[in-house]
Amino acid sequence: MSETPSPQQIIEAAFRNASLGVLTIVDLFNTAAKLGEGNQKALAIDLYRRWLAATASPVAYAAQFNLGVLLSDTGDLAGAEGAYRAAIAQNPAFCEGYLNLGTLLERLKRQDEALEQWRKVLEVSSPDVASEKTHYISALNNLGRLLEILKRYPDAEDMLARSLRIDPKQPNVITHWVHLRQKQCKWPVYASAEIGIPEAELMDATSALAMLGASGDPAMQLRASRNFVEAKVIKDAPRLSSPNGYGHERLRIGYLSSDFCSHAVSILTAELYGLHDRKRVEVYGFDWSNEDGSPLRARVVGGFDHHVRIHALTDEDAARLIRAHEIDILVDLHGLTSGARPNILAYHPAPVQVTWLGLPGPTGQDAIDYVITDEFLLPPELEPFFTEKPLHMPRCFQINDRQRPIGPKPTREACGLPQDAFVYAAFNNNFKITPEVFDAWMRILKRVPGSVLWTVADNEQVRNNLARRAELAGVNPQRIVFAARVMPADYLARFQVADLFLDTNPFNGGTTVSDALWACLPVLTWTGRTFSARMGGSLLRAVDMPELITYNLTDYENKAVELGKDRKQAAALRRRLEENRLTCALFDSPRFVRDLEDKFERIAIRGTPRPASARRTDDSKLPLVSILIPTHNRPDYAELALKSVLAQTWPHTEIVISDNSTNEETRERFAPYLAQHPNIVYLRSPGLSPLENFHNCYDNSQGEYVNYLMDDDLWHPQKLERMMSLMLVQPTIGLVTSFRQLIDGQGNFMAPIPGTERLFDTETLIGGRSLGEMLLTNGDNLIGEPTTVLFRRSAVPGKFGMFMGRQYETLSDIATWLQILTTHDCVYVPEALSYFRIHGGQDQARGLPIRVRASVDWLQMLCDAHEQGAFLRNRDLVRGMLTTKLASCIWYLSSVREELKSLEPKMFSLSNFQGVVQQALAILFAK
């Protein structure tokens, strides 16, 4: 009776049969799926490639497609593109291939090519064929989504309308379709007849943000938020935060947003973070914003005590990271706007959670405790329509940045405005304009001779639609002047050219109204029943101009006409703003921050104070990171290295020090730290070689994630946190590395030496196979020294310094990276997270023994990698590389043959050298 083959035997048989062209496609799919599930995607990729190379099959396109998926998952986007294109070439009607290729091309920022692929799906499929209907709808929805991003709104609307006519039960598609019509001022927005969906269903699918401009009914706004939460936010997430608080001496305030960049939220809050009183609070920024390189982002990030990037973390992992920092009050600056991550808050990572600024309405999320507001903005009669408790600020709900520069005042001619006209400015977003408000503006123009409306248009459709509406109202469209987008300082400057700002309703301006008031342009608002319809009134009260608040459309029109006909009165209002701007409540930002801190003190759950040594605990569920410090006779530098480790913001670490110094100075220097930090393990290990010292650290550590720190190097305090946020994204990542900034003995930055420049300019995921080949053939340590690299312990099958079963000493780090890359990928971070100290105690020229041994070791690793099938697959490429390496190695060794006689056998063995030369020659001359 034959024995059942083991899983490993089945896999080995699959590889043999794939190479012979006899593996069935079913077995191919099954084996590859098992490899993928077992975190062996690199082997699954290899299996597909062997099968495709050896098998001629009419269904090979399906294997190409699966190969493309795997390559995309592992970061080989170029390879994935090639596989998808090969699948489509074999089967031009293969919809899945076009869909995936389009998504990949969008990811590569090749939007027009992505659109082309999805349009091909519409050519090769039909919604009338049941098996093709889903693909057809997916293509329409992808086209609509990307066209909206590209601001090609009519085309986007058309694609989504076609999709909804095929399948009207798509709430997410309705959401976008409605907002697209708002953005184009295409009225009525709820045009049921165009897509055959009842208005009630269109309203039900309207997003929380869009509903702020669609309805002035607070119940409808709450309903929209509740609908979103019901559909998108997880239920019954475990509460992570302590209900009893943490007892910190200073409150830890965390701000949560993806708008820490050139965005309205940052325009308002840029000054806030730095104004916080550090005696009272410690400020954290949890950030998944675009790295737009703007000065505004730099100011925001610079205002945090701790800037924590969470863009690569899942919502749960981000929540656990926030919990690990023991945040007392978490302030969400996003609400339910685009890019929001409400599921982070669903885990309740902080004892107190607050919403502010992002969504000027209810979030409908029970996990949020408070909304920052004021008594005018959220009066008692509005509270039943909020799931959050009001946290009333004493003066105004809004913070402002007093450092916003206002450019030189332009001329009216430069702005395209009539010299003598009364200019009504209306710069709120287009989607906030309703037909009711626009018709009122037209009546105002008709009643004020010589007046014009100065507004913005984000797209040509807005210009056309508003011009047509003006004609229907009996107003010459030339009396509407459209302003172009300009730089921030010039944008503020042009407010000075207008005479009066007209606010919208039911969605007032927030940041835009503040901009107008900061530039001393009076604002006329129409206040309604909702939070979003009361913002303008709150801001006007904060600049002591309540007379510009109206409460119905008739009064709004009449006041606008009154000021348009009485230019002296309008000018007097401007002078009042100029006189009071820097002393009024709206722009007294330091006072606002003190008031905010007072409110935070009131709502914080203080808990029982704990001793300082106990405040950063390891009870979090975040993974343990082992920091290994092999040190030798450098107590001054070793102490600095240890301090940089103790400053790390990652909360769950162990520090293992192996000291092979010839004296007791390092032990004595470390003694005070050992007494204060129980997570430090100190090992006195005199007499160990450098590699043995590395092993001693490694063998006595427990963390799944490991980073060495050489005793003369330093770390950025957020190094581990930044790297772990990337490492935890997917199990295929075995290494995270970064740019190494050289510093001198005094800590000053130095220019990079050749071979240490940035590998990439942006954060990059590199496939293990391609990076391993780069590393082997480059001759430099592209990934970095042990100090630079965080690696996954489970990706290292043997000890540190082993590759293909062979122990390396001189190139122990490179051997380790290569071993990891045989099964895992790498992420490269261009930021300087590690600092490599250049000083007189180092042999920067790399002495003869090291150079000789390194030269031989490079050749040995190259030979072993080829013979054992790691990285090097192209025979011609291998022959060329080996020839070059072998020739240079022989030449180098022959040039120093006399010096070699004095070297220890450990550093250079002639027999070892002869062995690797024979191995290289055997590869070169193999048939």
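Residues numbered from 1 in each chain as written. Predicted model: local features only at pLDDT ≥ 70, side-chain atom pairs only at ≥ 80, totals over all residues. Heavy atoms only, no water.

Glancing now at the sheet that holds strand 9 (residues 451-456). Strand order in the open sheet formed by six strands is 10-9-8-11-12-13, with parallel pairing between adjacent strands. Edge strands, defined here as strands with exactly one partner in the open sheet, are strand 10 (480-483) and strand 13 (549-550). When strand 12 (residues 523-526) meets strand 13, the two strands line up parallel, connected through two bridges. Paired with Trp526 across the bridge in strand 13 is Thr550. Contacts from helix 20 (residues 435-447) reach strand 8 (422-426), strand 9, strand 10, strand 11 (500-502) and strand 12, with the element oriented near 150 degrees to strand 9. (Pairing = 2+ DSSP bridges. Helix = DSSP H or I, 4+ residues; strand = E, 2+ residues; numbered from the N terminus. Contact = heavy atoms within 4.5 Å. Axes fitted to C-alpha atoms, helices over the stretch in contact; angles between N-to-C directions.)

Time to look at empty space enclosed by the protein. In this approach the atoms are scanned with a rolling probe the size of a water molecule, which exposes any empty space left behind. Overall, the coordinates contain three cavities of 30 Å³ or more when judged by the stated rule. One number sums up the size of the largest cavity: a volume of about 60 Å³. When residues in the lining of the largest cavity are grouped by element, the largest group, three residues, is from helix 27 (residues 589-603). Of the residues belonging to the lining of the largest cavity, the class tally is five nonpolar, no polar and four charged. (1 Å grid on protein atoms, 1.4 Å probe; cavity = no way out; pocket = protein on both sides within 12 Å on 5 of 7 lines; lining within 4 Å. Points joined across faces, edges and corners; volume = space filled by probe spheres on them. Nonpolar A, V, L, I, M, F, W, Y, C, P; charged D, E, K, R; others polar.)

Over its 14 residues, helix 26 (residues 567-580) runs 20 Å from end to end, which matches the ideal 20 Å to within 8%, given 1.5 Å per residue. Inspection of helix 26 places Ala570, Leu573, Arg574 and Leu577 among the buried residues, and these make up the whole buried set. Angularly, the buried residues of helix 26 cover 100 degrees about the axis, an arc narrow enough to put them on a single face. In helix 26, the exposed positions angled more than 90 degrees off the buried face are occupied by Lys568 and Glu579. Contact partners of the buried residues in helix 26: strand 8, helix 23 (511-518) and helix 25 (553-565). (Expected span 1.5 Å × (residues − 1). Buried < 20%, exposed > 50% of the residue type's maximum accessible area, 1.4 Å probe, protein only. Arc of directions from axis to C-beta.)

Turning our attention to the packing of helix 6 (residues 95-107) against helix 7 (residues 111-124). Packing of helix 6 against helix 7 leaves a shortest axis separation of 7 Å and a crossing angle of 165 degrees. Compared by their axis directions, helix 6 and helix 7 come out roughly antiparallel. When the axes of helix 6 and helix 7 are compared, the crossing they make is left-handed. When helix 6 is examined against helix 7, the residues Cys95, Tyr98, Leu99, Leu101, Gly102, Thr103, Leu105 and Glu106 are found in contact with a partner set consisting of Glu113, Ala114, Gln117, Trp118, Lys120, Val121 and Val124. Residues that form the contact of helix 6 with helix 7 fall into these classes: nine nonpolar, three polar and three charged. (Parallel < 35°, antiparallel > 145°, perpendicular 65-115°, else oblique. Left-handed = near helix turned anticlockwise from the far one by under 90°.)

As a further point, take the packing of aromatic side chains. All told, the structure shown has 30 aromatic pairs when counted by the stated rule. Relative to Trp817, the ring of Phe800 lies with its centre 6.0 Å away and its plane at 85 degrees, an arrangement referred to as edge-to-face. Of this pair, Phe800 sits in the loop between strand 21 (790-792) and strand 22 (802-803) while Trp817 sits in helix 33 (residues 812-821); the two residues are 17 residues apart in sequence, bridging distant segments of the chain. Both residues of the pair, Phe800 and Trp817, belong to the buried class. An aromatic cluster of at least three residues, connected via ring pairs, comprises Phe694, Tyr698, Tyr708, Phe791, Phe800 and Trp817. In this arrangement the basic side chain of Arg534 is found over the ring face of Phe376, its NZ or CZ atom lying 4.4 Å from the centre. (Phe/Tyr/Trp six-rings, centres within 6.5 Å; stacked < 30°, edge-to-face > 60°. Lys NZ or Arg CZ within 6 Å of the ring centre and 35° of its normal.)

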